Amino acid sequence: MKVTVNDEDVQLDKPTTVAELLARMGFPDKGIAVAVDWSVIPKSDWHTTLSDGARVEVVTAVQGG
């Protein structure tokens, strides 16, 4: 199974949830926004299993001025 994360192809051995993918890729569990196939996914739905070919975008909040 293959998904795309921030324009990078990622090969998965088994069905994977959004939360599992984020942990595997080292993203923090706070301060980020996640979209799957162009729809923002609230943290309460990160248990959703990704489908083959899903496009995942992860945006990290950055403080500054």
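One structure accompanies this document, and this report is about it. (Residues numbered from 1 in each chain as written. Predicted model: local features only at pLDDT ≥ 70, side-chain atom pairs only at ≥ 80, totals over all residues. Heavy atoms only, no water.)

## So, the overall build of the protein
Each helix and strand counted, the protein has one helix and five strands in total. Helices and strands appear in the protein in the N-to-C order β-β-α-β-β-β. Over its C-alpha trace the protein gives a radius of gyration of 12 Å, about what one expects of a compact globule, namely 11 Å for 65 residues. In terms of overall dimensions, the protein has C-alpha extents of about 40 × 25 × 20 Å along its principal axes. Taking all 65 residues of the protein together, 32% fall into the buried category. Across the protein, contacts joining residues at least 24 apart in sequence account for 47% of those joining residues at least 6 apart. Roughly 4,300 Å² of accessible area belongs to the protein as shown, and the carbon and sulfur atoms make up 53% of that amount. (Helix = DSSP H or I, 4+ residues; strand = E, 2+ residues; numbered from the N terminus. Rg over C-alpha atoms; globule rule 2.2 N^0.38 Å. Buried < 20%, exposed > 50% of the residue type's maximum accessible area, 1.4 Å probe, protein only. Contact = heavy atoms within 4.5 Å. Areas by Shrake-Rupley, 256 points an atom, 1.4 Å probe, with all protein chains shown as cover.)

## Some remarks on the pattern of salt bridges
One pass over the full model with this rule turns up three salt bridges. Note that R55 and E57 form a salt bridge whose closest N and O atoms lie 3.6 Å from each other. Each of D7, R55 and E57 takes part in one network of salt bridges that share partners. (Salt bridge = Lys/Arg side-chain N within 4 Å of Asp/Glu carboxyl O.)

## Observations concerning the sheet that holds strand 1 (residues 2-5)
Across the sheet, five strands lie side by side as 2-1-5-3-4; this open sheet has mixed pairing. The outermost strands of the open sheet, each flanked by one partner alone, are strand 2 (8-11) and strand 4 (39-41). Across the sheet, the axes of successive neighbouring strands diverge by a mean angle of 30 degrees, strand direction being ignored. Relative to strand 4, strand 3 (residues 32-36) is paired through three bridges, and the arrangement is antiparallel. Paired with V34 across the bridge in strand 4 is I41. (Pairing = 2+ DSSP bridges. Axes fitted to C-alpha atoms, helices over the stretch in contact; angles between N-to-C directions.)

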